[in-house]
Structures are given as structure tokens and as C-alpha cells.
Amino acid sequence: MDKRIERDSLGEIEVDNDKYWGAQTQRSFMNFPKGLDLMPKEVIRALSLIKKAAAIVNLELGKIDEERKNLIVYAADRILACEFDDQFPLTVWQTGSGTQSNMNVNEVIAHIANEKCGENLIHPNDHVNKSQSSNDTFPTSMHMASLNLLENEFLPEIDEFIDAIESKAREFEGIIKTGRTHLQDATPLALSSEIGAYSEIIRRDKDALVDLMEDLRRLPIGGTAVGTGLNAPESYSRKMIIALEKLSGLRLIEDSNKFVGLSSKQAMARVHSGLKVLAEDLNKIANDLRFLSCGPRTGIGELILPTNEPGSSIMPGKVNPTQVEMMTMAAIQVMANDTAISIANASGQLELNTYMPLIIYNMVKSIKLLTKAMTSFRVHLIDGLVANKEKIEENLDKSLMLVTSLSPVIGYDKAAELAKFAHKNNLSLREANKKLGFVSDTDFIKIVDAKKMI
């Protein structure tokens, strides 16, 4: 394959002629693991947007001329249009500041721009990276990539997920079932209350996440190398926020303390902790549905899950709760991702956290995984969930904890005696009461009414 010579501060290096990157990207490509966990495209696009905004602001502040600004904007727009996705080959397992990926974007933009003008007019450091450092562009790209995914993909799906559960709860109104605590029979409740609680759990998770997302709106752009803003002109940060808001459609805020924005990843850690709690709750809901649908003949069997796939390669006719298993595995992965992000945030040193690629990699993975898992769970399980009314009524009739309604009338001890007697002799509570004679049968029917107990 034809090659060309590229140069950087370490000297010369060969690069394939069909590649748009330069010497620094090539060295990184050679020195770090290949073909494994590439830097998320969301980060590359956020970095490209930052380069575009910087060109606009640098022109306004007299730091570059209009021709160079136009060339950088042209190149960034082509990257944002996904025309050069194959020109970003670097893994997340690189320097912890994301410098290599920042330079990858700088070099590709410079190459595209110079190809357009027919000369080497754009330098990746002097022009594309003007007024910037990897140490402020990369954390800025992390926040923007996360916000974009959360606002445009995640939040719309979580709203649909909540709506789907609420719709199912309304469908189940009027059905009374046995409650369970400690996985043991408890007093009855409405099925709509049980299912409706799930929607409120997820709604509260969403509300908490929306609040936490405010931390991501603070951008440290303009802090440059250590937070002092060295080599960035006065008013650059403020103007960058205005430009990035306009270009991205996101509501953004200038971080008032850029030392914090560079040295701590607390905003990312906080937001991901919200995703972790959501994952925990999704895991609980999925497992509840697993328990309530177990059977179909020898388990609880009060809910019927949609039949999506055959469940066994050896047992004919078996159907398994595969959407439950998918969701619980996804939830475990997100919880594991949170551990990685927490340790990474705790491990920053002095003026810079050098675990940023790890953090954004896990953040992007968690947001996309939860979004897609909720979509699948909603479409392939929640929408098709059916109440097994016959089994619900059977279980309710057999429940010994209906005796709780008698406790105020005959006392706790006698009520416990009645329940134990019924269980030992395999009788219904009504049959047991007839034998023990604690209340008349007429009073029993009037008092032990599941509808009055919910």
C-alpha cells in the first residue's frame, strides 16, 4: 500500500496514503491495543463539534483568519455527517486524558481541510487545537456526548417505558390478588397497585436523573492544560458555551471553576450513579415478574409473559422468561460499569483525572444498554403481559393471611391459631373457622372480604 511521511515532535513516521490521520494518531495506533473498544463515536462527534465552535470563536477573537475558520468548519461538518467514521481507529485504552483521540480529531480535520484547499494551510495543533488543550476539550466532549444521548435517546424511551407500565396497570384494575412479603403470603392488594408501583419507581429514577444531569451542563472548556486558561483569550470560555449551545441544541453552562472540571469527574460519577439505581430498580421489577409468572402449572403463575422463543433444546414446549433474563443481565452490567466509574473518579491525581476514556466508555455503554434494554422489555414483555385471573383467584382463596382482617375482632392470638389450624389441616380459613367457631359464618363472610382489605 502507498505510504506518505508524516511528522510530529518525535520525528517522521509512515502513514498509509488512504488514512486522513497524522503522525500522532499513527503512533497511538501502533502503541496501544488494536481493534478493541474503540473510542465511542459520540465522543468523536462531540470533539468535532468543539473544534467547529472553537474555529468560529477564534475567528471572532482574532486568533485565526476567516479562510482557516471556514476550512476547519467544513472539515468538522463532514465528520459530523459521518463521512469519516473509519478514520478514528483508536481504542479507549490509551492515555487517560484522551489526548490521542483529541489529536486524532485534530489531524483528520487538518487533513480534510488541506485536501480541500490544496495546500498545508491548517496545522492540527496551531489551528484546529487553537485555544484548547486535550485536558479541557476531552472532558467537555464527555459531558456533551452523555447529555446528547440522555436527552435524545434515553429520556424519550424511559417516558415510553413508564407509559407502558401505567397502561398495563389500568388494564389490570379491579383484580385483587395475594400480596407477598419475604416471598411469603401476605395481605391482599390490587394487581393495578402492584404494577402501578413499578411505573412510579421508574418515574422517580427519571426525575432524579434529570436533576443530576444539571451537573453535566457545566463545561470546563477554556481551562486548557490545568484549569488556568493559559493560551486561551479572554472571553473565550463564555463565547464557546454560546457557540456550543447553538451548534448542539443542548443547554450548557460555563464551569465557574475549571480546576474542578479537569481534576474531578464527579458529574459523570453522579449521573452514572443515577443510572445504576435505575438498573437496580429494573432488576427488581424484572425479577418480580419472573416470580409472579413462574410455572406455568407448578409455580405462582399469576402473570403470563408473552411467548417469544422456544425455551429449551431438549424439553419440548418449554418457554422461558427471556426478556427478564436479558434485563437482569443488562442491569448487572450497568452496576459493574458504575463500580469502574467510581474507582476511576476516585483515582484522579492533582490537576487532572487520567481515567477519562474509561469513564466515558462505560457511561456511553450504560446509557445505550439501558435505553435498548428498556425498549426490548417494553415491546416484548410489558405490552403483552396478561393477568391469569383464574390463578390469581385460586391463590387468593387459599391465602391464610386473609385472617389479618379478623385480628381486630378475635385478637391476634386466636387469628394466628385459626391460620395454623387451617394450614395444618389443609382447610380454607372459612372451613377452619366453622370448626373452631371463633365467629359466625355470616360474620366471617362479612369480615373476611378481600375487597375491603385493599
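Just above sits the structure.
About the cut-offs
Residues numbered from 1 in each chain as written. Predicted model: local features only at pLDDT ≥ 70, side-chain atom pairs only at ≥ 80, totals over all residues. Heavy atoms only, no water. Helix = DSSP H or I, 4+ residues; strand = E, 2+ residues; numbered from the N terminus. Rg over C-alpha atoms; globule rule 2.2 N^0.38 Å. Buried < 20%, exposed > 50% of the residue type's maximum accessible area, 1.4 Å probe, protein only. Contact = heavy atoms within 4.5 Å. Pairing = 2+ DSSP bridges. Core = buried A, V, L, I, M, F, W, Y, C linked by side-chain atoms within 4.5 Å. Lys, Arg positive; Asp, Glu negative; His and termini not counted. Salt bridge = Lys/Arg side-chain N within 4 Å of Asp/Glu carboxyl O. Polar contact = N/O pair within 3.5 Å; in protein donor to acceptor, adjacent residues only side chain to side chain. Axes fitted to C-alpha atoms, helices over the stretch in contact; angles between N-to-C directions. Parallel < 35°, antiparallel > 145°, perpendicular 65-115°, else oblique. Left-handed = near helix turned anticlockwise from the far one by under 90°. Nonpolar A, V, L, I, M, F, W, Y, C, P; charged D, E, K, R; others polar.

### Here we look at the overall build of the protein chain
Here's step 1: Scanning the protein chain from terminus to terminus reveals 17 helices and eight strands.
Here's step 2: Over its C-alpha trace the protein chain gives a radius of gyration of 30 Å, far above what one expects of a compact globule, namely 22 Å for 454 residues.
Here's step 3: The dimensions of the protein chain, computed from C-alpha atoms along their principal axes, are 100 × 50 × 35 Å.
Here's step 4: Relative to its full complement of 454 residues, the protein chain shows a buried share of 50%.
Here's step 5: Taking the contacts inside the protein chain whose residues are at least 6 apart along the sequence as the reference set, 72% of them involve residues at least 24 apart.

### Focus on the environment of Leu 121
Here's step 1: Structurally, Leu 121 is set in the loop between helix H4 (99-117) and helix H5 (124-128).
Here's step 2: You can call Leu 121 buried: its relative accessible area is 12%.
Here's step 3: Placed 10 residues apart in sequence, Leu 121 and His 111 show a C-alpha to C-alpha distance of 9.7 Å.

### Re the pairing of strand E4 (residues 184-190)
Here's step 1: Where strand E3 (residues 176-181) and E4 come together, five bridges link them in antiparallel fashion. Within E4, the residue paired with Gly 179 across the bridge is Ala 186.
Here's step 2: From the end of E3 to the start of E4, which pair antiparallel, there are two residues, and His 182 there has a positive phi angle of about 60°.

### Some points on the nonpolar core
Here's step 1: Core analysis: the biggest nonpolar cluster contains 108 residues, and Met 144, Phe 154, Met 240, Leu 289, Ile 360 and Phe 377 have the highest contact counts within it.
Here's step 2: Sorting elements by how many residues they give to this core places helix H6 (residues 134-171) first, with 15 residues.
Here's step 3: What Met 144 contacts, discounting residues up to four positions off in sequence, is Ala 46, Leu 49, Ile 50, Leu 219, Leu 244, Ser 248, Leu 250 and Leu 252.
Here's step 4: Core analysis: the second largest hydrophobic core is formed by 17 residues, Leu 396, Ala 415, Leu 429 and Ala 450 among them.

### Quick word on the side chain of Glu 107
Here's step 1: For Glu 107, the position within the fold is in helix H4.
Here's step 2: Buried charge without a salt bridge: Glu 107, with Arg 4 as the nearest opposite-charge side chain at an N-O distance of 7.7 Å.
Here's step 3: At a separation of 3.5 Å, a polar atom in the side chain of Glu 107 contacts the main-chain amide nitrogen of Ala 23.
Here's step 4: With residues up to four places along the chain from it excluded, the contact list for Glu 107 reads Tyr 20, Trp 21, Gly 22, Ala 23, Gln 24, Thr 25 and Pro 124.

### Thoughts on the packing of H6 against helix H10 (residues 266-293)
Here's step 1: Interhelical geometry of H6 versus H10 gives an angle of 25° and a closest axis separation of 12 Å. What the angle tells us is that H6 and H10 run roughly parallel. Every pair of crossing elements has a handedness; the one defined by H6 and H10 is left-handed. Here H6 contributes Met 142, His 143, Ser 146, Leu 150, Phe 154, Ile 158 and Phe 161 to the contact with H10, which in turn contributes Ala 267, Met 268, Val 271, Leu 275, Leu 278 and Leu 282.
Here's step 2: A class-by-class count of the residues in the contact of H6 with H10 yields 11 nonpolar, two polar and no charged.

### Overview of the packing of helix H2 (residues 41-60) against H6
Here's step 1: Axis separation between H2 and H6 bottoms out at 8 Å; the angle between their running directions is 120°. Where H2 crosses over H6, the two elements pack in a sense that is right-handed. Residues Glu 42, Val 43, Ala 46, Leu 47, Leu 49, Ile 50 and Lys 51 of H2 touch H6, and the partners they reach there are Thr 137, Phe 138, Thr 140, Ser 141, Met 144, Ala 145 and Leu 149.
Here's step 2: Looking at the contact of H2 with H6 residue by residue, the classes come out as nine nonpolar, three polar and two charged.

### Observations concerning unusual backbone geometry
Here's step 1: Residue Pro 296 follows Gly 295 across a cis peptide bond; omega there is 10°.
Here's step 2: Residue placement: Pro 296 occurs in the loop between H10 and strand E7 (303-304).
Here's step 3: Phi angles above zero are rare outside glycine, and Leu 183 is one such case at about 60°.
Here's step 4: Checked against the element boundaries, Leu 183 lands in the loop between E3 and E4.
Here's step 5: Backbone geometry places Thr 224, a non-glycine residue, at a positive phi of 50°.

Any link to function would need more than the numbers given here.
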